[in-house]
Amino acid sequence: MPRRLILFAAPVLVAAVVLLTTPPVVAQWLKYPTAGAPRARNGKLDTTAAAPRTREGKPDFSGLWLTGDGLPCEQQTLGQEFLVCGAELPISKYGINMGIGMPGGLPYQPWAAQQVKYETEQNSKDDPHAKCLPDTFVRLYGLPHMQKFVQSPGLLVMLDELNAGYRQIFIDGRPLPIDPQPSWQGYSSARWEGATLVVDSIGFRDDLWLDIVGSPLTGAAKVRERIRRPDYGHLEIEVTVDDPKAYTKPWTVTMKQVLVVDTELVDEICLENEKSTQRMLGK
């Protein structure tokens with residue numbers, strides 16, 4: 001049985017559902033205690049404890065993270081006849097619609113607005129995520145899948161549980177490449193501004209989605225993240241997308257992550273026994 005099962009019951013987001021079937025996980029570290037985590041008297045994680053620091057005095061983002069913007073299981077949201085139910089791992093409101101908190105939504109270019117309209121009408125049948133393709137990092141922050149951050153002085157690595165994906169953020173002063181080969185995660189170089197890691201990324205593919213409704217990210221995009229760890233149990237990631245090919249102006253969202261302890265990553269390979277795409281026919 002898989003560790004998690006996310007059930008979507010609604011026409012608009014059928015394609016968001018990827019039924020994940022994984023091998024038995026008896027031998028994996030699903031209940032192994034996290035060493036050094038601050039605990040309250042009842043043994044639960046003290047999420048408000050001070051954020052850990054590296055030897056260099058910088059915030060240490062290392063840990064296992066999951067969206068902190070999850071939708072309640074019992075709540076109908078976004079004005080759609082759609083119920084999200086994730087008993088273990090939630091999906092973020094931004095994972096469904098990246099512009100949900102913005103007056104008027106995202107500032108789409110006409111073709112992008114048409115794409116979102118079409119994909120919504122067609123139950124998001126063309127969603128790359130539903131077809132088991134990689135997700136770019138902006139979308140990953142809102143999906144119901146864990147990520148493990150591993151930080152060293154010159155590098156922050158993000159390991160995605162889904163499909164064993166990864167991303168590298170270099171903190172060694174290197175410039176961004178001039179003519180990069182387009183990629184799923186782009187190319188990321190960062191610098192510290194006090195306790196905030198400022199990450200600039202370019203070099204994306206031209207066919208990426210940021211959410212279930214089909215908000216695009218193109219090869220023209222520049223993405224800036226400002227990552228903070230205000231306490232032990234939380235991350236705040238301010239994301240600014242400047243993509244003139246897809247949007248009429250830059251836009252910003254702040255996404256939250258919560259620390260997960262006493263467990264580990266497990267194999268979660270979407271294509272293993274995948275059966276859903278053959279049923280994604282749209283209207």
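Since the model is a prediction, treat every value here as computed from it, not as a measurement. Every chain is numbered on its own, with residues counted from 1 as its sequence reads. Only residues with pLDDT of 70 or above have their local features reported here, since the model is predicted, and side-chain atom pairs are shown and tallied only from 80 upward, although totals for entire chains, interfaces and linings are computed over all residues. Side-chain numbers here rest on the full set of heavy atoms in the structure, without hydrogens or water.

**Q** Outline the packing of aromatic side chains, supporting the account with residue identities and numerical values.
**A** Between the rings of Phe, Tyr and Trp (Trp by its six-membered ring), a pair exists once the centres lie within 6.5 Å; its type follows the angle of the planes, with under 30 degrees stacked, over 60 edge-to-face, and the other angles tilted. What the rule picks out here adds up to six aromatic pairs. Ring-pair connections join several aromatic residues into one group, and the members of that group are Tyr108, Tyr247 and Trp251. Criterion for a charge above a ring: Arg CZ or Lys NZ at most 6 Å from the ring centre, at most 35 degrees from the ring normal. In this structure, Arg174 packs its charged tip against the face of Phe170, placed 3.6 Å from the ring centre. Directly above the aromatic system of Trp184 lies the positively charged group of Arg205, at a separation of 3.9 Å from the ring centroid.

**Q** Account for the pairing of strand β11 (residues 222-231), with residues named and values stated.
**A** By the convention used here, strands pair only if DSSP detects at least 2 bridges between them. Helix and strand definitions follow DSSP, with helices as H or I runs of at least four residues and strands as E runs of at least two, each counted in order from the N terminus. In this sheet, β11 lies alongside strand β8 (residues 196-202) in antiparallel orientation, the contact comprising five bridges. Opposite Asp200, over in β11, you have Arg224 as the bridge partner. Summarising the sheet, β11 and strand β12 (residues 234-242) pair through eight bridges and their orientation is antiparallel. If you follow Arg228 over to β12, its bridge partner there is Glu236.

**Q** Tell me about the sheet that holds strand β4 (residues 147-152), residues and numbers included.
**A** Pairing is mixed around the closed barrel formed by nine strands, whose spatial order is β2-β4-β5-β6-β7-β8-β11-β12-β13. Going from strand to strand, the sheet's axes swing by 30° on average, the running direction of each strand aside. By the bridge criterion, seven bridges tie strand β7 (residues 187-193) to β8 in an arrangement that is antiparallel. Bridge assignment links Trp192 to a residue of β8, and that residue is Leu197. Helix axes are fitted only over the stretch in contact, all axes being lines through C-alpha atoms; the angle between N-to-C directions runs from 0 to 180 degrees.

**Q** Kindly report on the state of the cysteines, identifying the contributing residues and their values.
**A** Whenever a pair of cysteine sulfur atoms sits within 2.5 Å, that pair is classed as a disulfide. Tallied over the full model, the rule gives one disulfide. One disulfide in the model links Cys132 with Cys270; its S-S distance is 1.8 Å. With the S-S bond torsion at -60°, the cross-link from Cys132 to Cys270 turns out left-handed. One end of the pair, Cys132, is in the loop between α2 (110-121) and α3 (137-140); the other, Cys270, is in the segment after β13 (251-260), and 138 residues separate them in sequence. Here Cys132 and Cys270 have matching classes, each one buried. Burial status follows relative accessibility: with a 1.4 Å probe on protein chains alone, a residue under 20% of its type maximum counts as buried, one over 50% as exposed, and anything between as partly exposed.

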